[in-house]
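As a plain string of letters, each chain reads:
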Amino acid sequence: EVRTARQVSHRNVCRVYDIGEADGRIFLTMEFVDGEDLASLLKRIGRFPSDRAIEIAREVCAGLAAAHEQGVLHRDLKPANVMLDRDGRVRITDFGLAGLATEITDIRAGTPAYMAPEQLAGREVSVRSDLFALGLVLFEIFTGKRAFDAKNVAELLRMHDEPLALTPTSAVRELDPAIERVILRCLEREPARRPASAIAVSAALPGGDPL
């Protein structure tokens, strides 16, 4: 896991440096990030204003794209694993479950509430599984609410089989429809219907430039 995480070097990713052992205890060394994670921040403020939310969304996309460019899947992307440092910059953290896309066997490892349907069912995990989790994170950044607020895995599976009960614009009426479209594309049940990459998600946000 450490060898995997060390391959990702990007301003929006918390660096993992090394692994060692002292007095029989294994330890990791990683970059210190002075800030607050999105889960606690959203709980405190509700949601971000649209302009700031777009900035944060772009930085999350950039950090995730940097991992994917190295063939690394995060597999546990969620607000608790995204920090804003004291300069207000996004830092994706906790690559503890990350793995090379070609080597992953424990498909269901992760946080069920932020797993794509195919990952939750144990079928596969891919870049597009991370993009489903990205869609859930963006949903919370822009609305302050969870797309799937299930009490258990069985309820979560049922919710994945049904149309989304709460859409972004039903949660925040003034939300730009373009933002809703890109979030809903990330949350498509079929992986092939989701965007091709995190960069494509960023480009589809208002003001995005594909170049």
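Here the structure is a predicted model, which is why all the values come from computation and not from measurement.

> Quick question: what am I supposed to make of helix α2 (residues 38-45) here?
One turn of an α-helix holds 3.6 residues; hence residues three or four places apart share an orientation. Of all the residues in α2, the buried ones are Leu38, Leu41 and Leu42. In an axial view of α2, the angular spread of the buried residues amounts to 95°, which keeps them on one side of the axis. Exposed residues on α2 whose side chains face more than 90 degrees from its buried face are Lys43 and Arg44. Contact partners of the buried residues in α2: β3 (35-37), α3 (50-69), β5 (82-85) and α5 (127-143). The backbone nitrogen of Ala39 lies 3.0 Å from a side-chain oxygen of the residue at the head of α2, namely Asp37. A positive backbone phi angle near 95° is found at Gly46, which sits one or two residues after α2.

> Please explain unusual backbone geometry as it appears in this structure.
For residues besides glycine, phi is generally negative; the peptide bonds are generally trans as well. Even without a glycine there, the phi angle at Asp23 is positive, about 55°. Phi is positive for Arg75, which is not a glycine, with a value near 75°. Within the element layout of this structure, Arg75 appears in the loop between β4 (72-73) and β5. Its relative accessible area of 8% is what places Arg75 among the buried residues.

Criteria and thresholds
- Residues numbered from 1 in each chain as written.
- Predicted model: local features only at pLDDT ≥ 70, side-chain atom pairs only at ≥ 80, totals over all residues.
- Heavy atoms only, no water.
- Buried < 20%, exposed > 50% of the residue type's maximum accessible area, 1.4 Å probe, protein only.
- Helix = DSSP H or I, 4+ residues; strand = E, 2+ residues; numbered from the N terminus.
- Arc of directions from axis to C-beta.
- Contact = heavy atoms within 4.5 Å.
- Polar contact = N/O pair within 3.5 Å; in protein donor to acceptor, adjacent residues only side chain to side chain.

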